[in-house]
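Working through the structure, step by step
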Amino acid sequence: MEEIVNQNGAVTEQLDAATDAEIDMRLVRENHRSETVGEMTVDDPRMICRNVDVYYGDKQAIFNVSLDIGKNQVIAMIGPSGCGKSTFLRCLNRMNDTIDICRVTGVIKMDNQDIYDSRLDVVSLRASVGMVFQKPNPFPKSIFDNVAYGPRIHGLSDSDTHLNEIIERSLHKAGLWDEVKDRLDQPGTGLSGGQQQRLCIARAIAVSPEVILMDEPCSALDPIATAKIEELIDELRENYTIAIVTHSMQQAARVSQRTAYFHLGKLIEVGETDQIFTAPRHKLTEDYITGRFG
Amino acid sequence: MNNLQQHNDTMARVQQGLNQRYRNEKRFRRVGLSAIMSGLIFVSFLFITIFANGYTAFQQTYLKLDVVFDPALIAPLGMTDPDILSAANYGGLVKAAMREMFPSVTSRREKKTLYKLVSTGAVYQLREMVMLDPALIGTKKSVWLVADDDVDMLIKEHIDLNAVESDRRIKNNQLEWIRLLQKNGRVEKRFNSTFFTAGDSREPELSGIKGAVYGSFFTLLICLAIAFPVGVAAAVYLEEFASKNRWTDLIEVNINNLAAVPSIVFGLLGLAVFINFFGLPRSVPLVGGLVLALMTLPTIIIASRAALKSVPPSIREAALGVGASPMQTVTHHVLPLAMPGMLTGTIIGMAQALGETAPLLMIGMVAFIVDIPGGPFDPSAVLPVQVYLWADSPERAFVERTSAAIMVLLAFLISMNLLAVWLRKKFERRW
Ligand SMILES: Nc1ncnc2c1ncn2[C@@H]1O[C@H](COP(=O)(O)OP(=O)(O)OP(=O)(O)O)[C@@H](O)[C@H]1O
Ligand SMILES: [Mg+2]
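Bear in mind that the values here come from a model prediction, so they are computed numbers and not experimental data.

1. Let's talk about the overall build of chain A
Of the regular secondary structure elements, chain A holds twelve helices and eleven strands. Going through the 294 residues of chain A one by one, you find that 56% of them count as buried. Relative to all contacts within chain A whose residues are 6 or more apart in sequence, the contacts with residues 24 or more apart total 67%. By element, 47% of the accessible surface of chain A is carried by carbon and sulfur atoms, the whole surface being about 12700 Å².

Here's what the structure looks like:
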């Protein structure tokens, strides 16, 4: 127990160094109450979350979570079912706004700006923080229109050729181009599950987001499609920051650089993926990854 | 051993229960089937009686007369002035032709009953012919003229000849003349085009449903133009934008209540608001359409909300996830996917409105109107009210016209519902 407290102290000092004046001292002080073990901050954060609480009506789903999402890194979020991984992930692009009873407190910053600030435009936030959902959800339109939708509504292309370029590049990056290049006019819903998911990834990267959130993107896919998507995630890391929720610890180990373990709405432990899987510091984490729980 | 016994025991119980389950299923199927059968029987009974009563209305008896276009009765030869031509005494032509055919009829009273065999509409028929071709004046020509509705009924065997003469619409001497005409091949049943090209009339043989069809058309047009956009907008707002709280619950309950309010109440409302307060004219499709719009609005809102609800939330999330605004999400994705359901609901609402009578009685659309309306501001009847009016008329010939009007109404209803089914089939999407 003492050890945990000590580590928290160390974390706090680091936080001070990393984010200096941007995060006010109140938050830092409150951070002492957080039970999180491990290094919740990184040197080069893309998004900074501090003391995030989420409530569904009266029920609290996320308790005081502070976490940095590192730039050009993949961070995996693991934990037993119902622990709030999806809820936390959806805070990062304000997808929870669509749920009437959902309320988020705390600070989530991107580019020094609180994304829950009322002055911030949700639409532009979602253009820079894309999302891929658990169930592939292509629009019931053609493959082309699926990918073109984002660039069109944001006015990203100057001409048809430019749009075609964007589409081809996105499908290439999503590893789908060779499979669909001859049938771009066919409905996206007619693809296989794995192809649909890659189409959704292509759709997300077509608007050139900086961060991509993925909520169990492979849960409906077979091992081969999963392997393709994992490979893809690894490639995407070069240009994007990725936060992925997964139930597969192997997947977390394979694709991520950092891993965060959630339990009953609390962030229990976060750290380098290698460290989490080889030498977890918290008892709950250890139980979970060794299969004694969850 | 023990295990095997237990397994056998379980299987025996399952088997026992299984039979019971199959029996239940069979019984349920039989009940369902008989429900559908009895429904079909009632519907076919309705259709058969209406058809049996009404199909004769699509034919009309005509009499062939040798009409002399006497210049003395019309106008001098070579006259083409339409004013003079239209004011001429064409009734005299008909009478002269009848007299010539039955020279034995001499007394004034007998002549009058003789003239009654031909419809008063024959006059307009002759006038039209002459106005179209003034060269006819001075010639003699065999013309098929519309017979009176009583003659028509006799030919269609709707008149009981065994009844006492005084109780009959066709007297003995008239019967004799008709038989003579029949023998000479001067009586014929022809397709009744008047029924589709004329407005209402006191004379059954001259009445038609065109006025009512146009009235219904304009009424539904107004109704659609108001109820569809308002209903869809209300549904979209309630379903996609309004936060779910006590107020929206209250609104939902009220909309559902409104859908169940008796239609005559909407008629009273229309009378009070549109006619008495806003001073709109009575008996016009504009007011009828407004009233029916109020009445179909709840139906459209409820159907549209159901259609919106059936659009999977994952589509909304997908659109919001790439940065579409809520409005773009709705207009680009949700509305197109919900549109077939909305259209189906709207068409069913329109079909309901087409058959609605009670509220229109309240706003005076029950008036006797001969002219065919040229727009939503002209007084007119509508199909169901026309049915009501004709069903209320004493003449036997109106009975078959009532059924015929119902057939036309049903034809419109069936085609609207088929359109709804077709739309649903055509635009049904899977995701
Ligand atoms: N829309 C909602 N309304 C009310 N409660 C919700 C809602 N969504 C999630 N919750 C609650 O919030 C808690 C966290 O849910 P969440 O979906 O984030 O879990 P999760 O970690 O993603 O689980 P899983 O691994 O099964 O997807 C759960 O207790 C859940 O019941
Ligand atoms: Mg989840």
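2. Thoughts on the overall build of chain B
Check the secondary structure of chain B and you find 17 helices and three strands. Against the compact-globule benchmark of 22 Å for 431 residues, chain B has a radius of gyration of 31 Å, which places it well outside the compact range. Its C-alpha atoms put chain B at 110 × 60 × 35 Å along the principal axes. Counting every position in chain B, which comprises 431 residues, the buried fraction comes to 42%. Accessible area for chain B stands at about 23100 Å²; split by element, carbon and sulfur atoms hold 62% of it. Charge separation in chain B, taken as the distance between the mean sites of 42 positive and 35 negative side-chain charges, equals 8 Å.

3. Things to note about the interface of chain A and chain B
Size of an interface, as often reported, equals the accessible area lost when the parts are brought together. Across the boundary between the two partners, chain A contributes 23 residues, which contact 19 residues of chain B. Both faces considered, chain A and chain B share a buried interface measuring about 1700 Å² in area, 61% of it formed by carbon and sulfur atoms. If you look at where chain A meets chain B, you find one salt bridge. Close ionic contact of Arg90 of chain A with Glu317 of chain B constitutes a salt bridge, the shortest N to O distance being 2.9 Å. In this assembly, chain A and chain B are joined by six residue pairs in polar contact (both at pLDDT 80 or more). Only helix H4 (122-128), strand S7 (129-132) and helix H5 (143-153) of chain A provide two or more residues apiece to the side of chain A that touches chain B. Residue classes in the side of chain A that touches chain B are distributed as twelve nonpolar, six polar and five charged.

4. Some words on the domain arrangement of chain B
Residue and element names in this part refer to chain B. Taken as a whole, chain B is organised into domain 1 (2-55), domain 2 (57-198) and domain 3 (210-427). For domain 1 and domain 3, the distance between their C-alpha centres works out to 37 Å. Across the contact, six residues belong to domain 1 and seven residues belong to domain 3. Together domain 1 and domain 3 conceal approximately 540 Å² of surface at their shared face, both sides included; 81% is due to carbon and sulfur atoms.

5. Quick look at the packing of helix H8 (residues 193-205) of chain A against helix H9 (residues 223-236) of chain A
All names here are of chain A. Their axes nearest at 9 Å, the elements H8 and H9 cross at an angle of 20 degrees. Taken together, H8 and H9 sit at an angle that is classed as roughly parallel. In this structure, the crossing between H8 and H9 has a hand that is right-handed. Taking contact as the criterion, the partners of Gly194, Gln197, Arg198, Ile201 and Ile205 in H8 are, on H9, Ala225, Lys228, Ile229, Leu232 and Leu236. Of the residues assigned to the contact of H8 with H9, the class counts are six nonpolar, two polar and two charged.

6. Some details on the packing of aromatic side chains
Aromatic ring pairs are described here by two measures, namely the spacing of the ring centres and the angle between the planes. All names here are of chain B. For the coordinates displayed, the defined rule picks out 14 aromatic pairs over all chains. Judged by centre distance (5.7 Å) and plane angle (5 degrees), the ring pair of Phe58 and Phe196 falls under stacked. Linking Phe58 in the loop between helix H1 (2-54) and strand S1 (59-68) with Phe196 in helix H8 (residues 194-197), this pair joins segments that are 138 residues apart in sequence. Looking at Phe58, the relative accessible area reads 18%, which means it is buried. Taken together, a centroid distance of 6.3 Å and an interplanar angle of 85 degrees make the contact between Tyr214 and Phe218 edge-to-face. Placement of the pair is Tyr214 and Phe218 together in helix H9 (residues 210-241), with a separation of four residues, close to one helical turn. Here Tyr214 falls in the partly exposed class, since its relative accessible area comes to 35%. With relative accessibility at 13%, the residue Phe218 sits in the buried group.

7. What to know about the site of ligand 1
All names here are of chain A. Taken together, 14 residues form the shell around ligand 1, and within it Ser81, Lys85, Ser86, Thr87 and His247 come nearest. Gly82 is positioned such that a nitrogen or oxygen atom in its backbone is 2.8 Å from an oxygen atom of ligand 1. Within the side chain of Lys85, an N or O atom sits 2.7 Å from an oxygen atom of ligand 1. Compared with its free state, where it exposes 620 Å², ligand 1 has 65% of that area covered by protein. Sorting the residues of the shell around ligand 1 by element identifies strand S3 (59-70) and helix H3 (85-91) as the ones contributing at least two each. Among the elements that take part in the shell around ligand 1, H3 stands out by supplying three residues, more than any other. Taken together, the residues that form the shell around ligand 1 break down as five nonpolar, six polar and three charged.

8. Section: the sheet that holds S1 of chain B
All names here are of chain B. If you trace the three strands from one edge of the open sheet to the other, you get S2-S1-S3, paired in antiparallel fashion. Each having just a single partner strand, strand S2 (140-146) and strand S3 (187-191) make up the two edges of the open sheet. Mean inter-strand twist for the sheet, computed between neighbouring axes without regard to direction, equals 40 degrees. By the bridge criterion, seven bridges tie S1 to S2 in an arrangement that is antiparallel. In the sheet register, Val68 faces S2, and the bridge partner there is Lys140.

9. A look at unusual backbone geometry
Residues and elements named next belong to chain A. Phi is positive for Arg94, which is not a glycine, with a value near 55 degrees. Mapping Arg94 onto the fold places it in the loop between H3 and strand S5 (102-110). With a phi close to 65 degrees, Asn112 is a non-glycine residue in the positive phi region. Positionally, Asn112 belongs in the loop between S5 and strand S6 (113-114). The class for Asn112 is exposed, based on a relative accessible area of 52%.

10. Side note on the pattern of salt bridges
Here the structure, examined in full by the defined rule, presents 25 salt bridges over all chains. Residues participating in the shared-partner salt-bridge network are Asp152, Lys156, Glu400 and Arg401 of chain B.

11. Remarks on the pairing of S3 of chain A
Successive residues of a regular strand alternate their side chains across the two faces of the sheet. All names here are of chain A. With nine of its twelve residues buried, S3 lies for the most part within the structure. As paired elements, strand S2 (residues 45-56) and S3 share eight bridges and run antiparallel to each other. Counterpart to Pro45 in the pairing with S3 is Gly70. The antiparallel hairpin formed by S2 and S3 contains two residues in its connecting segment, where Gly57 sits at a positive phi of about 65 degrees.

Calculation notes
- Residues numbered from 1 in each chain as written.
- Chains lettered and ligands numbered in written order.
- Predicted model: local features only at pLDDT ≥ 70, side-chain atom pairs only at ≥ 80, totals over all residues.
- Heavy atoms only, no water.
- Helix = DSSP H or I, 4+ residues; strand = E, 2+ residues; numbered from the N terminus.
- Buried < 20%, exposed > 50% of the residue type's maximum accessible area, 1.4 Å probe, protein only.
- Contact = heavy atoms within 4.5 Å.
- Areas by Shrake-Rupley, 256 points an atom, 1.4 Å probe, with all protein chains shown as cover.
- Rg over C-alpha atoms; globule rule 2.2 N^0.38 Å.
- Lys, Arg positive; Asp, Glu negative; His and termini not counted.
- Charge placed at Lys NZ, Arg CZ, Asp CG, Glu CD.
- Buried area = accessible area lost by both parts, 1.4 Å probe.
- Salt bridge = Lys/Arg side-chain N within 4 Å of Asp/Glu carboxyl O.
- Polar contact = N/O pair within 3.5 Å; in protein donor to acceptor, adjacent residues only side chain to side chain.
- Nonpolar A, V, L, I, M, F, W, Y, C, P; charged D, E, K, R; others polar.
- Domains from an automatic or database assignment.
- Axes fitted to C-alpha atoms, helices over the stretch in contact; angles between N-to-C directions.
- Parallel < 35°, antiparallel > 145°, perpendicular 65-115°, else oblique.
- Left-handed = near helix turned anticlockwise from the far one by under 90°.
- Phe/Tyr/Trp six-rings, centres within 6.5 Å; stacked < 30°, edge-to-face > 60°.
- Near = heavy atom within 4 Å.
- Pairing = 2+ DSSP bridges.

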